[in-house]
Amino acid sequence: MKRMTCLVGLLGALWSTPAVAQVAAPQALQLLGEHDLFSVSGVTLGGAAPVMPVVIRHQERWAGSKPVTALTPQFSSAWLTASELSALARSHPGWRFEWAPPRHVLLDKAAAWTRSIQFRAETARAGAGAVVGVIDTGIDPDHPDFQNLDGTTRIAWLLDFSRNPAGLHPDLEERYGCTTLAPCAIYSAKDLDDAKQMGRSVTSDSFGHGTHVTSLAAGNGLSTDPSRYIGVAPEAQLIIVRGDRGASGSFYDADILIGTSFVFERSEEMGLPAVVNLSLGSDFGAHDGSSALEEGLAEFVGDDFPGRAIVVAAGNSGAVYDGLLAKYPDPWGTHTEVHVPHSSSVRVPVITPKSQKDKTTARVYIWVTSRPGDELEVGLDDSQGEWIPPLGYGRAAAFKRGELTVTIFNGAQSLDSPLSIPNAAVVVLDGTWKAGETFALRFEGHGSASIWLQSDGDLSPNAGSVGALVPRALKEGTINLPGSHPELIAVGATINRLSWPTRDGSVIKVSSFGSVENPPTDGTAYFSSAGPNASGVLKPDISAPGAFLVGAMSRLADPAHTNATGIFSGAGVCASGVDCLVVDDFHAVTTGTSMAAPQVAGAVALLLEGDPSLTQSRVRALLQAGAHRLSGRIGLEQQVGAGGLDTLGALEAQLLEGGVAGEVADPDPDKSWMSVAPSFAHPDPAWPFEVYVELRTSSGHIADEVTSEQLDLLVGNGKLSEPLTRIAPGLWRARVAADAGSGGQHMSLLTRFRGQTLMSRSLPIAVDAHLVDVVPRARGGCSHAPADPSSGGLWVLGVLLGAGWRRRYSMSTK
């Protein structure tokens with residue numbers, strides 16, 4: 001019992017009540033033992049002994065000494081051996097050491113939607129007065145899109161976690177914890193230029209994701225004449241962090257936080273504002289912003305840190321599939337919700353898709369969140385029937401069958417024990433089992449369970465798998481971590497283009513996408529994760545082009561040079577021998593919210609250049625206030641956020657906020673819109689959600705000549721939790737909740753201007769989405785020609801069509 005309590009507690013170190021409701025790693029070490037604990041969470045890097053990447057919470061700022069790297073007043077990070085973990089725990093009993101599975105990485109016609117070219121023309125701002133920081137798989141420093149006209153690099157600083165300390169900046173390498181045990185190296189612009197002159201490179205990006213992402217934010221297009229593929233902020237200074245240690249597209253929380261600190265501290269030294277882009281994410285966690293990674297990132301920004309902003313990808317977990325297993329209801333995906341009536345039992349199947357192998361070797365992390373007052377017991381069945389009996393709150397156990405170990409830890413309602421985890425449970429499947437096996441979560445008791453799945457090993461997107469899936473899946477609520485934090489700017493994806501030229505002179509045309517024939521552009525991309533977060537906060541915050549983006553291609557990711565190991569290899573997508581994703585020798589096409597986020601980061605750089613005093617909340621408000629209403633097909637409203645990125649609209653909001661007179665006109669009902677965080681309301685006054693109101697004049701400009709006395713929001717079968725309040729020019733926000741006992745009815749939302757109806761909405765009220773009259777069923781996947789439609793490979797976040805789902809899109813070559 002003790003052994004499994006520690007194991008799962010460590011795996012689930014991101015609980016919804018972070019100050020007191022997590023399992024401490026030192027206790028896990030004491031009860032589980034070094035060998036078993038580090039076989040789950042340890043990583044062997046530069047030394048012989050495995051080390052564990054941890055994020056440390058403390059109550060006051062830590063001065064910092066090896067092996068701990070101080071980051072913010074309440075957070076530090078470290079890569080610790082077992083002895084170091086034990087020693088630090090003994091000397092600092094108030095600290096909490098937290099671990100999580102690695103996060104994964106989750107472009108020109110896009111300017112037509114974002115209006116970035118017009119922005120630069122009207123303002124003469126192109127990002128030169130700001131820094132764009134990118135934490136990703138690295139960068140190709142020799143790519144012309146990241147060089148100045150004289151051939152020198154635009155990369156001001158580089159932190160590379162894949163290399164041993166270079167010794168060129170020993171003080172900085174010590175500051176950021178670069179050791180032979182947990183390697184990293186730091187290079188300046190001069191170091192990169194010197195290396196280039198000597199004919200060598202000190203860093204690389206064989207995966208290709210980071211190079212592509214960086215170009216969308218700040219590429220200058222110098223690789224082609226005339227410049228064609230230009231990022232949003234092409235003159236911005238660059239600070240790059242290669243965060244994956246093994247060219248795998250996987251990132252540890254500790255490294256992400258160190259990299260963020262590096263960007264902000266180096267940019268502050270340069271005297272410039274900065275935005276950090278994180279095109280990475282995870283489905284594992286409470287989805288309410290309470291993880292150590294999310295809260296640690298949020299500490300870097302806020303009202304106390306003007307000139308700083310963080311932008312993250314919303315995730316590619318919105319794809320759902322039909323027809324995978326006939327005896328269970330469609331659709332299938334990585335997230336669902338179930339309601340367990342009193343004294344009943346509910347089973348939720350978990351399928352692990354078949355592959356070409358007879359056995360599957362993988363890990364499946366299952367996160368279950370319930371509400372205060374719920375009492376859910378959690379067990380597991382397999383294809384042979386009932387296996388692990390449901391465990392009540394406060395219980396943990398491990399069961400082994402053959403080469404598979406299943407661990408369940410069900411959190412306790414009491415906060416007295418350091419091992420208590422209120423309102424959450426974790427189930428971990430770890431090992432080898434028959435390919436195609438179907439498991440089932442079994443819930444008993446009463447309450448509502450929100451379930452998220454994350455898969456690694458053979459079931460990882462990197463391995464070409466859709467991962468473990470559940471039936472009756474929901475797009476809604478699939479927003480990834482760290483994007484679920486209310487203060488971080490999460491970006492969803494829209495359709496940018498449906499055709500592109502290739503290096504061999506062909507033209508690729510996509511005729512169906514996500515089961516939609518000839519989809520219009522400027523609509524939602526079906527894979528894009530949807531909100532709200534678990535606390536009812538509107539997510540994503542905004543959307544941007546993310547489907548079929550042309551951006552810079554790293555030399556080492558060019559399939560002509562790399563034996564098809566990069567993200568542009570086209571395996572399972574292109575016909576044999578055809579590089580259908582490669583546009584020219586310097587650029588290629590890919591898809592995902594990973595590609596949407598950097599465009600917003602570039603827009604933030606433009607705003608910061610104009611006003612370096614902007615804070616994270618003001619940046620988000622300006623982006624949302626200036627957003628445009630999508631003109632294409634919207635699969636699910638909860639994938640959109642406040643609207644689509646419009647840099648000119650954000651500029652208009654910035655000018656209005658600065659006192660520049662705008663259009664004097666009333667809001668137009670046909671041009672204004674309302675964004676509602678969920679698609680349905682729970683019959684619970686303690687379960688509120690956000691409603692945003694965007695006001696536009698008949699000409700489409702921001703309508704800001706409105707007072708709180710003139711604008712109101714009426715709620716039927718519910719109440720206002722927070723009043724309708726102006727957030728930015730033309731942007732208003734409220735929080736509402738349904739009445740208790742109102743299940744089966746509808747909530748009405750009526751916005752009035754001067755007593756006259758401006759817009760209205762109606763939301764069903766139900767205890768879970770499956771009791772709503774019409775459950776959102778936006779399907780995913782695509783098939784293509786000339787390649788076999790059933791052979792679509794799967795990609796990491798940001799590879800063609802995102803990650804984690806089988807393609808069924810139609811594509812032709814001309």
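Residues numbered from 1 in each chain as written. Predicted model: local features only at pLDDT ≥ 70, side-chain atom pairs only at ≥ 80, totals over all residues. Heavy atoms only, no water.

Student: So, the overall build of the protein: which residues are in play, and what are the values?
Tutor: Across its full length, the protein holds 14 helices and 39 strands. Buried positions account for 64% of the 814 residues belonging to the protein. As displayed, the protein offers around 27100 Å² of accessible surface, 50% of which is attributable to carbon and sulfur atoms. (Helix = DSSP H or I, 4+ residues; strand = E, 2+ residues; numbered from the N terminus. Buried < 20%, exposed > 50% of the residue type's maximum accessible area, 1.4 Å probe, protein only. Areas by Shrake-Rupley, 256 points an atom, 1.4 Å probe, with all protein chains shown as cover.)

Student: Describe in detail the packing of helix H12 (residues 593-610) against helix H13 (residues 616-625), supporting the description with residues and values.
Tutor: Close contact between H12 and H13 brings their axes to 11 Å; oriented N to C, the two are set at 110 degrees. Considering the angle they form, H12 stands roughly perpendicular to H13. Where H12 crosses over H13, the handedness of that crossing is right-handed. Here Val-600, Ala-603, Val-604, Leu-607 and Leu-608 of H12 come into contact with H13, specifically with Val-619, Leu-622 and Leu-623. Split into classes, the residues belonging to the contact of H12 with H13 amount to 8 nonpolar, no polar and no charged. (Axes fitted to C-alpha atoms, helices over the stretch in contact; angles between N-to-C directions. Parallel < 35°, antiparallel > 145°, perpendicular 65-115°, else oblique. Left-handed = near helix turned anticlockwise from the far one by under 90°. Contact = heavy atoms within 4.5 Å. Nonpolar A, V, L, I, M, F, W, Y, C, P; charged D, E, K, R; others polar.)

Student: Describe in detail the layout of surface pockets, supporting the description with residues and values.
Tutor: Approximately 480 Å³ is the volume found for the second largest pocket. As for the second largest pocket, its lining consists of 32 residues, and the residues nearest its centre are Arg-371, Ser-450, Ala-534, Ser-535 and Trp-687. Looking at which element gives the most residues to the lining of the second largest pocket, the answer is strand E22 (residues 438-457), with 4 residues. The class makeup of the residues in the lining of the second largest pocket is 14 nonpolar, 13 polar and 5 charged. (1 Å grid on protein atoms, 1.4 Å probe; cavity = no way out; pocket = protein on both sides within 12 Å on 5 of 7 lines; lining within 4 Å. Points joined across faces, edges and corners; volume = space filled by probe spheres on them.)

Student: Which residues make up the nonpolar core, and what values do they have?
Tutor: Counting residues in hydrophobic clusters, the biggest one holds 112 residues, and the most contacted among them are Val-600, Leu-623 and Leu-749. It is H12 that contributes the most residues to this core, 11 residues altogether. Leu-159, Val-241, Val-263 and Ala-314 belong to the second-largest nonpolar core, a separate cluster that totals 38 residues. (Core = buried A, V, L, I, M, F, W, Y, C linked by side-chain atoms within 4.5 Å.)

Student: Quick rundown of empty space enclosed by the protein? Include the residues and the values.
Tutor: Approximately 90 Å³ is the volume attributed to the second largest cavity. If you trace the second largest cavity, you find 13 residues lining it, with Pro-141, Asp-142, Leu-192, Asp-193 and Lys-196 closest to the centre. Along the lines of polarity and charge, the residues of the lining of the second largest cavity split into 4 nonpolar, 5 polar and 4 charged.

Student: Run through the state of the cysteines, naming residues and quoting values.
Tutor: If you walk through the whole model with that rule in mind, you get 1 disulfide. Here Cys-178 connects covalently by a disulfide to Cys-184, the sulfurs 1.9 Å from one another. Across the disulfide from Cys-178 to Cys-184, rotation about the S-S bond amounts to roughly -105 degrees, and the bridge is consequently left-handed. No difference in accessibility class separates Cys-178 from Cys-184, as the two residues are buried. (Disulfide = S-S within 2.5 Å.)

Student: Break down the pattern of salt bridges for me, citing the residues and quoting the values.
Tutor: Tallying each qualifying case throughout the model produces 26 salt bridges. Between Asp-458 and Lys-357 there is a salt bridge, and its shortest N-O distance comes to 2.8 Å. Taken together, the residues span a long stretch of sequence, with Asp-458 in the loop between E22 and strand E23 (470-471) and Lys-357 in the loop between strand E15 (335-351) and strand E16 (359-369) at a distance of 101 residues. Since its relative accessible area comes to 24%, Asp-458 is described here as partly exposed. Between Asp-430 and Arg-363 there is a salt bridge whose closest N-O contact spans 3.2 Å. In this pair, Asp-430 is assigned in strand E21 (residues 424-434) and Arg-363 in strand E16, connecting sequence segments 67 residues apart. Each of Arg-347, Asp-381, Glu-386 and Arg-442 takes part in a single network of salt bridges with overlapping partners. (Salt bridge = Lys/Arg side-chain N within 4 Å of Asp/Glu carboxyl O.)

Student: Account for the sheet that holds strand E11 (residues 274-278), with residues named and values stated.
Tutor: The sheet built from 8 strands is open, its strands ordered E8-E7-E9-E6-E11-E13-E24-E28 with mixed pairing. Of all strands in the sheet, those bounded by a partner on one side alone are strand E8 (185-188) and strand E28 (542-547). Across the sheet, the axes of successive neighbouring strands diverge by a mean angle of 25 degrees, strand direction being ignored. Taken together, the 3 bridges between strand E13 (residues 308-313) and strand E24 (residues 489-495) define a ladder with parallel strand orientation. Along E24, the bridge assignment pairs Ala-313 with Val-491. Its contacts with the sheet put helix H9 (residues 209-218) on strand E6 (131-136), strand E9 (237-242) and E11, and the angle it makes with E6 is roughly 160 degrees. (Pairing = 2+ DSSP bridges.)

Student: So, the packing of aromatic side chains: which residues are in play, and what are the values?
Tutor: Counted under the stated rule, the structure contains 8 aromatic pairs. When the ring of Tyr-328 is compared with that of Trp-332, the centres are 6.1 Å apart and the planes differ by 80 degrees; the resulting orientation is edge-to-face. Like Trp-332, Tyr-328 is buried. When the centroid spacing of 5.2 Å and the interplanar angle of 25 degrees are considered together, the rings of Trp-500 and Phe-548 count as stacked. Within this pair, whereas Trp-500 is found in strand E25 (residues 499-501), its partner Phe-548 is found in the loop between E28 and strand E29 (549-552), the two being separated by 48 residues in sequence. Residue Trp-500 is classed as buried on the basis of its relative accessible area, which comes to 1%. Put simply, the rings of Phe-284, Tyr-365 and Trp-367 pair up and form one aromatic cluster. Its guanidinium or amino end placed over the ring of Trp-157, Arg-266 lies 5.3 Å from that ring's centre, counting from NZ or CZ. (Phe/Tyr/Trp six-rings, centres within 6.5 Å; stacked < 30°, edge-to-face > 60°. Lys NZ or Arg CZ within 6 Å of the ring centre and 35° of its normal.)

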